[in-house]
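A closer look at the structure
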Amino acid sequence: MVSRVIPVDPFDLVIFGGTGDLARRKILPGLFRRFCAGQMPEEAQIIGAARSEMDDDGYRQLVRDAIEEFGDKPVPEGGALDAFLARLGYVQVDATGTDGWEELSRRITEDRVRAFYFSVGPSLFGDLAERLHQYGMASGQSRIVVEKPFGHDLGTAKALNAVLAQHFDETQIYRIDHYLGKETVQNLMAVRFGNVLFEPLWNALYVDHIQVTVAETVGVGGRGGYYDKSGAMRDMVQNHLMQLLCLIAMEPPAKFEPDSVRDEKLKVIRALEPVEPHHIVRGQYDATEKEPGYREDVEDPKSRTESFLAMKVHISNWRWAGTPFYLRTGKRLRARTSEIAVVFKDAPHSIFGAEAGRHRNVLIIRLQPNEGMTLDVTIKEPGPGGMRLVDVPLDMTFADALGPDADEVPDAYERLIMDVIRGNQTLFMRGDEVEAAWAWTDPIIAGWAARNDVPKTYDAGSAGPEDSLMLMHRDGRKWREIKA
Ligand code: NAD
């Protein structure tokens, strides 16, 4: 299999917050990988813009250090890094003042795509949008990329949408959810809509339930202050898990085009039923001998914010009525793993009798680690002694299927930034999608506050609170094991 790299047109990319954690960890190493892959044209220009005082050379050194520290591979020899750094510049700007803006506008190239990545806190989005307009940089060829969190609730998300809409058209706004940039997540659409095999079965008639798990082993240490104001619902479910849910549940769009895809996703969110309180389990990880618990991590002994959430969700439409979606995410769990499992119903009649046991087809889409797909198929257990059945996996990992090309698969940020340059919004959230997601989320969170709901504690390194297991057991179902 040969991977194809299609170079993009020359562009200017300004990274506001270009000295920050996200820029150094993800954005700049990602851009370097695209450069090495030959996707970035000679004339491309990348400008870091942030509060720190620094000149171009100082910024190049910062980026060199970041790529050496956070790049996933050793820097290739032969001067590639120097050639990449030569495309970089830096302007010191104050998002809330006037410093640096004239200088930035002078550095921008006329008549080409210009992308402005808002890698700063959301409180600065409005200021940045306004100044880009004021200093003449918001042309028809301009795009802005905004990071999560997009709002804290429906009200703040609407306010953010409104402030951006004052200066930019919806077609110029790229709301990033890096989950949508993952190779496997896009593969979900290819599997569903590129094969005849699955789609006829992809509905409540044949699917018993769907499980989505996004488990992390890390706690919130280091960003406890931010996290405690959000919790798993705002930090993970409202955005990442919701996007996965949409791609699993949506109707086939007429075309693989931004608004066709996003229209279908929006319909899913709007069809979500309110969640019954007893269909939600919230948790907080406990301390171990070596590591602090959630409440110590956020330095609030009375915190009621959840670091774990499991919930049963229903989608009220013809395709999914009666098929539950179980969502689960949490910190300090047994393993770092993200997967979607589509559990099909039992065969309507077992010709092999009750003693053959219960066997089900399960399609597992692994987002990490070991990206790939597995389909559990029931076969005869080999050997003599009658007809005994056994479930075996048809297993496909990207690394095996793509061979050496698997290394060249761009990571989520790389792909999404290149999509911005190309002007393809398919993998970005539209304003109405984000608002619909908050409209569903807000009453759930308000319900916890009204009931003084206290999260259950769970052991670090476990699969979450016992009650989350019961959520499935009560329905005669079982979570898949959380394992690396
Ligand atoms: P950070 O605090 O490390 O960096 C913030 C950057 O913004 C710095 O470069 C700083 O100079 C700049 N800045 C702050 N105030 C400014 C001002 N008034 N004018 C100009 N520049 C200013 O933050 P981060 O972790 O890089 O996060 C940036 C954004 O990305 C946030 O919205 C965050 O929620 C989001 N995000 C971060 C991560 C991550 O892994 N770090 C992941 C997802 C989303």
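Since the model is a prediction, treat every value here as computed from it, not as a measurement.

**A look at helix α6 (residues 154-165)**
A turn of α-helix holds 3.6 residues, and therefore any two residues three or four places apart point the same way. When the terminal C-alpha atoms of α6 are compared, their 16 Å separation across 12 residues agrees well with the 16 Å that a helix rising 1.5 Å per residue should span. Within the span of α6, buried status applies to Ala157, Leu160, Asn161 and Leu164. Viewed along the axis of α6, the buried residues span an arc of 100°, placing them on a single side of the element. Tucked inside the fold, the buried residues of α6 contact β4 (113-118), α5 (125-134), β5 (142-146), β6 (173-175) and α13 (431-450).

**Let's talk about the nonpolar core**
For soluble globular proteins, the rule of thumb is that nonpolar side chains tend to be buried together. Core analysis: the largest hydrophobic core is formed by 138 residues, its most contacted members being Phe16, Leu31, Phe84, Phe118, Met311 and Trp440. In terms of residue count, helix α8 (residues 224-249) provides more of this core than any other element does, 13 residues in total.

**Comments concerning the packing of α8 against α13**
Interaxial distance between α8 and α13 falls to 11 Å at its minimum, and their mutual angle equals 140°. Taken together, the axis directions place α8 and α13 in an arrangement best described as oblique. In terms of crossing hand, the pair formed by α8 and α13 is right-handed. Contacts from Met233, Arg234, Val237, Gln238, Met242 and Gln243 in α8 reach Glu433, Val434, Ala437, Trp438, Trp440, Thr441, Ile444, Ile445 and Trp448 in α13.

**Here we look at the sheet that holds β4**
Within the open sheet, the six strands sit side by side as β3-β2-β1-β4-β5-β6. Their pairing is parallel. The open sheet has two edge strands, β3 (88-92) and β6, and neither has a second partner. Taken over all neighbouring pairs, the strand axes of this sheet differ in orientation by 20° on average, direction set aside. The pairing of strand β2 (residues 45-50) with β3 spans five bridges and is parallel. Counted as the bridge partner of Ile47 is Gly89 from β3. Where helix α1 (residues 21-36) meets the sheet, its contacts fall on β1 (11-16), β2, β3 and β4, and the angle it forms with β1 comes to roughly 165°.

**Focus on the site of the ligand**
Near the ligand you find 19 residues, and of these Thr19, Asp21, Leu22, Ala95 and Val120 are the closest. Residue Gly17 places a main-chain N or O atom 3.5 Å away from an oxygen atom belonging to the ligand. With respect to the ligand, the backbone of Gly20 contributes an N or O atom lying 3.2 Å from an oxygen atom. Burial of the ligand by the surrounding chains reaches 72%, relative to a free accessible area of 830 Å². The residue inventory of the shell around the ligand, partitioned by class, reads eight nonpolar, six polar and five charged.

**Structural notes on the side chain of Arg192**
Examined against the element boundaries, Arg192 turns out to sit in helix α7 (residues 183-194). Separated by 3.0 Å, the side chain of Arg192 and the backbone oxygen of Leu247 make a polar contact. There is a polar contact of 2.7 Å between the side chain of Arg192 and the backbone oxygen of Ile248. Not counting the four nearest positions on each side in its chain, Arg192 is found in contact with Glu199, Trp202, Leu247, Ile248, Ala249, Met250 and Arg319.

**Thoughts on empty space enclosed by the protein**
All chains considered together, the criterion is met by one cavity of 30 Å³ or more. Of the volumes computed, that of the largest cavity is approximately 100 Å³. What lines the largest cavity is a set of 14 residues, and nearest its centre among them are Phe150, Gln238, Asn239, Met429 and Val434. Of all the secondary structure elements, the ones that give two or more residues to the lining of the largest cavity are α8 and α13. The element best represented in the lining of the largest cavity is α8, accounting for four residues. Split by residue class, the lining of the largest cavity holds seven nonpolar, three polar and four charged.

Cut-offs applied
- Position numbers for residues count from 1 along each chain, tracking the sequence in the order it is written.
- Reporting of local features is limited, given that this is a predicted model, to residues whose pLDDT is at least 70; pairs of side-chain atoms are given and counted only at 80 or more, and all residues count toward the totals for whole chains, interfaces and linings.
- Here the side-chain values reflect all heavy atoms present in the structure, with hydrogen atoms and water set aside.
- A run of H or I in DSSP counts as a helix once it spans at least four residues, and a run of E counts as a strand once it spans at least two, with each numbered from the N terminus.
- Under the convention used throughout, the expected extent of a helix is 1.5 Å for every residue step, that is, one less than its residue count.
- A simple rule labels every residue: compare its accessible area, found with a 1.4 Å probe on the protein chains alone, to the largest value its type can have, and call it buried under 20%, exposed over 50%, or partly exposed in between.
- As used here, the arc belongs to the directions running from the helix axis to the C-beta atoms.
- Here, residues are in contact when the closest pair of their heavy atoms is within 4.5 Å.
- To form a nonpolar core, buried Ala, Val, Leu, Ile, Met, Phe, Trp, Tyr and Cys residues must be joined to one another through side-chain atoms within 4.5 Å.
- Think of each axis as a best-fit line through the C-alpha atoms, taken over the contacting stretch in the case of a helix, with angles from 0 to 180 degrees between the N-to-C directions.
- Any angle between 65 and 115 degrees counts as roughly perpendicular, while under 35 counts as roughly parallel, over 145 as roughly antiparallel, and the rest as oblique.
- Should the near helix be turned anticlockwise from the far one by less than a right angle, the crossing is termed left-handed; should it be turned clockwise, right-handed.
- One bridge is not enough; two strands pair if DSSP finds at least two bridges between them.
- Each residue is tested against the molecule or strand, and it is near if at least one of its non-hydrogen atoms lies within 4 Å.
- Under the rule applied, a polar contact is a pair of N or O atoms within 3.5 Å (in protein, one hydrogen donor and one hydrogen acceptor; residues adjacent in sequence only if both atoms are side-chain atoms).
- To be clear on the numbers: accessible area is Shrake-Rupley with a 1.4 Å probe, and residue cover counts the displayed protein chains and nothing else.
- Charged residues are taken to be Asp, Glu, Lys and Arg, nonpolar residues to be Ala, Val, Leu, Ile, Met, Phe, Trp, Tyr, Cys and Pro, and polar residues to be all remaining types, Gly included.
- Both site types are read off a 1 Å grid over the protein atoms alone. A 1.4 Å probe that fits but cannot get out defines a cavity, while an open set with protein on both sides within 12 Å along at least five of seven lines defines a pocket; lining residues have an atom within 4 Å of a point.
- Grid points are joined across faces, edges and corners, and a volume is the space filled by probe spheres set on the points.

Honestly, it's all geometry; don't read function into it.
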